[in-house]
Amino acid sequence: MKVTIFGTGYVGLVTGACLAEMGNHVVCVDIDAAKVERLKKGDIPIYEPGLEPIVKRNHASGQLDFTTDPAPGIAHGQVVFIAVGTPPDEDGSADLKYVLGVARTIGQYMDRYTVVVNKSTVPVGTADRVREAIAGELASRGVAVDFDVVSNPEFLKEGDAVEDCLRPDRIIIGSSSERAIGVLRKLYAPFNRNHDRTVVMDERSAELTKYAANAMLATKISFMNEIANIAEHVGADVELVRQGIGSDPRIGYHFIYPGAGYGGSCFPKDVQALERTARGVGYQARLLGAVEAVNHDQKTKLFDLISRHFDGQLAGKTIALWGLAFKPNTDDMREASSRNLMEALWKAGAKVRAFDPEARHETHRIYGDRDDLALCDSAYQALDGADVLAIVTEWKAFRSPDFARIRDMLTEPAVFDGRNLYDPVAVEEAGLAYYGIGRGRSLRQ
């Protein structure tokens, strides 16, 4: 099939590459000319495991192309995906200016029946607004062209986006049009070979499903962080509690890992947007407000532990950070807990030596050159001249370090384990002070 995708971020680029991989002819449209030229040269602007070879292979074969010109893109696509950003507005609600801008562009050039697919994460009712925007442009042109608008939310995890796209656990199709549903069933047929993963519903239910999924996962994280903080105060170990409750199949082990707070481009934005959506229709979503508040406070946790260790005297100290991205297997720094920690340390007069396997360039793009930030080439290089070590991102490379080497390199040997990667006993037997999240130790020491 011929597919056009507006937007070449995580969602648009991964979706386009994977659809091309299945034999479709895909054109990706983006207003960023420099980005489009990079993609044509095989230079992938984001780090996502497995994405680069798929993009290069399908671009070389002619199955995947990139352009800044919307007209040929719209003329090409039987199915046109909208996969542009929906950043938070000033009040925390989703800003739809890019989505509606693409919708108007589609209406300006569309000349035959087209299935327009909302792939962006959007508030309930956006399909109606997209439909109105397209219809308005068609009316201004004085033409009558049939089209359908479908809500088809993405469920891609950064770091596993390619795998999630090629082997989805569900494909949500939000539409009341049998014609449009048939088109998308045909498009997604190669992803449904083992069993039908398609769930068909109305547009508003599909839009809410995406927000509900992310809000549920964020709720589990904030709940576990709340339990971790209780565990710290009562002298319990949250890791044992986690194992105890995770063995219950009604709860499970997914997303019940306490830590330094969630980040990224989805959870913070989507929880806020859903809460604002509820408020906009006169409902107070108290649980969502609490999820957001707990996460906000949790992002100060590592700094509080480090500050307590130094009795609030952080000026002149040097803190080594392992991990900068908001999660492993990505270079995404959006809403990353490392940013909260570094900015608080700098404000207190401390310096940072940091290492991340993928996010160093993104960190430099955000903060530039600073005397109080050294971006290092290896985990152990970050320890040179550092007083203590903080673990912020749970990269696999950090899971089995040489604790004796860490001890010898730090001037005040202590590990602040923001992801509970380590056994406290093993760390302390190696001669390091250990501070974790909810390990029942920080307040007892």
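Analysis parameters
Residues numbered from 1 in each chain as written. Predicted model: local features only at pLDDT ≥ 70, side-chain atom pairs only at ≥ 80, totals over all residues. Heavy atoms only, no water. Helix = DSSP H or I, 4+ residues; strand = E, 2+ residues; numbered from the N terminus. Rg over C-alpha atoms; globule rule 2.2 N^0.38 Å. Buried < 20%, exposed > 50% of the residue type's maximum accessible area, 1.4 Å probe, protein only. Areas by Shrake-Rupley, 256 points an atom, 1.4 Å probe, with all protein chains shown as cover. Lys, Arg positive; Asp, Glu negative; His and termini not counted. Charge placed at Lys NZ, Arg CZ, Asp CG, Glu CD. Core = buried A, V, L, I, M, F, W, Y, C linked by side-chain atoms within 4.5 Å. Contact = heavy atoms within 4.5 Å. Expected span 1.5 Å × (residues − 1).

Caption draft 1: Molecular detail of the overall build of the protein chain. Per the secondary structure count, the protein chain includes 17 helices and 14 strands. A globule of 445 residues ought to have a C-alpha radius of gyration of about 22 Å, and the protein chain, at 24 Å, matches this closely. By residue count, 55% of the 445 residues in the protein chain fall in the buried class. Surface exposure of the protein chain reaches about 19,300 Å², of which carbon and sulfur atoms provide 50%. Charge centroids of the protein chain, computed over 52 positive and 62 negative side chains, lie 3 Å from each other.

Caption draft 2: View of the nonpolar core. Ranked by size, the top nonpolar core spans 42 residues in total, and within it Leu 51 and Phe 81 carry the most contacts. Those residues in contact with Leu 51, other than ones at most four positions away along the chain, are Leu 13, Val 14, Ala 17, Ile 44, Ile 46 and Val 162. Listed in part, the 34 residues of the second largest apolar core include Ala 228, Ile 256, Ala 260 and Ala 354.

Caption draft 3: Local environment of unusual backbone geometry. For Asn 329, which is not glycine, the phi dihedral falls at a positive 65 degrees. Within the secondary structure, Asn 329 sits in the loop between strand 9 (318–322) and helix 14 (337–347). Despite not being glycine, Glu 335 shows a phi value in the positive range, around 60 degrees. Tracing the backbone shows Glu 335 in the loop between strand 9 and helix 14.

Caption draft 4: Summary view of helix 1 (residues 10–21). If you check helix 1, its first and last C-alpha atoms are 16 Å apart, about what 12 residues at 1.5 Å a residue would give, namely 16 Å. Of the positions making up helix 1, those classed as buried are Tyr 10, Val 11, Gly 12, Leu 13, Val 14, Thr 15, Gly 16, Ala 17, Cys 18, Leu 19 and Ala 20. Note on helix 1: the residue one or two positions beyond its end, Gly 23, has a positive phi of about 100 degrees.

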